[in-house]
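What follows is the residue order along each chain.
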Amino acid sequence: MSHLPTPSQTVGPFYGYALPFPGGSEVAPAGHPGTVTVHGRVLDGRGDPVPDAIVETWQPAPDGSRAGLPGSLRRDPATGKVIGRDGVGFTGFGRAPTDAAGHWFVRTLPPGGVPYLCAAVFARGLVHHLYTRVYLPDLLDGLTEADPLLESLDAERRATLIATRTDPRTYRFDIRLQGDDETVFLEFS
């Protein structure tokens, strides 16, 4: 008896369906004057958008604290489904789905004590999610000590981790999953 190989399949579930929640991209409390927006696109190896990805971000609060505030997500008391953030607390956690053009964004506060946001990418075709950092150039200027990760990379690879400031309160950071200009991804063991 001969056995045929199992056909290949796209890795699922499709993250854009199950993981997003209302207000997931809104990390900063509503109306906070120090808000910044970090946005970009998730692109595959050909440079095409990935429309069903999720970009999660974590960061310390502006004062450098890392505990976050528990319970900022509200749930419907009848169904238990997440209905959004409370709009007041800062948890340091965001979950941004990509749209049809692969675009994502988080509205947050600048992190304290570090010049970056931590990020994870969940997308079709990935068996494991990918970790990276989004360095904000304005915060790099204020570093008194060199960042060990950035120092370990050549200039071309380092550039894939540094967001581009597009106006005083907005940064662009495209995540490239493959190719010559692939974003640097981190491995944790």
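A brief report on the enclosed structure follows. (Residues numbered from 1 in each chain as written. Predicted model: local features only at pLDDT ≥ 70, side-chain atom pairs only at ≥ 80, totals over all residues. Heavy atoms only, no water.)

Structural notes on the pattern of salt bridges
To be explicit about the condition: Just to be clear on terms, a salt bridge is a Lys or Arg side-chain nitrogen sitting within 4 Å of an Asp or Glu carboxyl oxygen.
Considering all chains together, one arrives at 10 salt bridges under this definition. Of the charged contacts in the structure, one is a salt bridge between Asp 174 and Arg 172, with a shortest N-O distance of 3.1 Å. Among the charged side chains, a network of salt bridges with common partners joins Arg 172, Asp 174, Arg 176 and Asp 181.

Description of the sheet that holds strand β8 (residues 130-135)
Put simply, the rule reads: For two strands to be treated as a pair, DSSP must find no fewer than two bridges joining them. Only DSSP runs of H or I covering at least 4 residues are called helices, and only runs of E covering at least 2 are called strands; the numbering of each starts at the N terminus. Axis lines are fitted to C-alpha atoms, over the contacting stretch for helices. Their N-to-C directions set the angle, which ranges from 0 to 180 degrees.
Read from one edge of the open sheet, 4 strands run β5-β2-β7-β8, paired in antiparallel fashion. Of all strands in the sheet, those with a lone pairing partner are β5 (93-97) and β8, marking the two edges. Within this sheet the neighbouring strands show an average axis-to-axis angle of 25°, counted without direction. The pairing of strand β2 (residues 54-58) with β5 spans 5 bridges and is antiparallel.

With respect to the environment of His 32
We apply this condition: Using a 1.4 Å probe on the protein chains alone, a residue whose accessible area is under 20% of its type maximum counts as buried, one over 50% counts as exposed, and one in between counts as partly exposed. Any N or O atom pair separated by 3.5 Å or less is treated as a polar contact, with the protein-specific requirement of one donor-capable and one acceptor-capable atom, and with residues adjacent in sequence counted only for side-chain atom pairs.
Within the secondary structure, His 32 is located in the loop between α1 (15-18) and β1 (36-43). Taking the relative accessible area as the measure of exposure, His 32 reaches 34% and is therefore partly exposed. The sequence separation of His 32 and Leu 109 amounts to 77 residues, and the corresponding C-alpha distance is 8.5 Å. Looking at His 32, its side chain comes within polar contact range of the main-chain nitrogen of Gly 34, at 2.9 Å.

Concerning the side chain of Asp 147
For the record, the criterion: Two residues form a contact once any of their heavy atoms are found within 4.5 Å.
Mapped onto the secondary structure, Asp 147 falls in the loop between α2 (137-141) and α3 (148-151). In terms of polar contacts, Asp 147 uses its side chain to reach the side chain of Tyr 135, at 2.7 Å. A polar contact is formed between the side chain of Asp 147 and the backbone nitrogen of Leu 150, at a distance of 3.0 Å. Residue contacts for Asp 147: discarding those within four places in its chain leaves Tyr 116, Arg 133 and Tyr 135.

Regarding the nonpolar core
Note the threshold: We call a set of buried residues a nonpolar core when its members are Ala, Val, Leu, Ile, Met, Phe, Trp, Tyr or Cys and they connect through side-chain atoms within 4.5 Å of each other.
Val 38, Val 42, Trp 104, Val 134, Ile 175 and Leu 177 are the most contacted members of the largest nonpolar core, which has 28 residues in total. Contributions of two or more residues to this core are made by β1, β6 (103-108), β7 (116-122) and β8. When near neighbours in sequence (up to four residues on either side) are disregarded, Val 38 contacts Trp 104, Phe 105, Val 106, Leu 117, Val 134, Leu 136, Tyr 171 and Phe 173.

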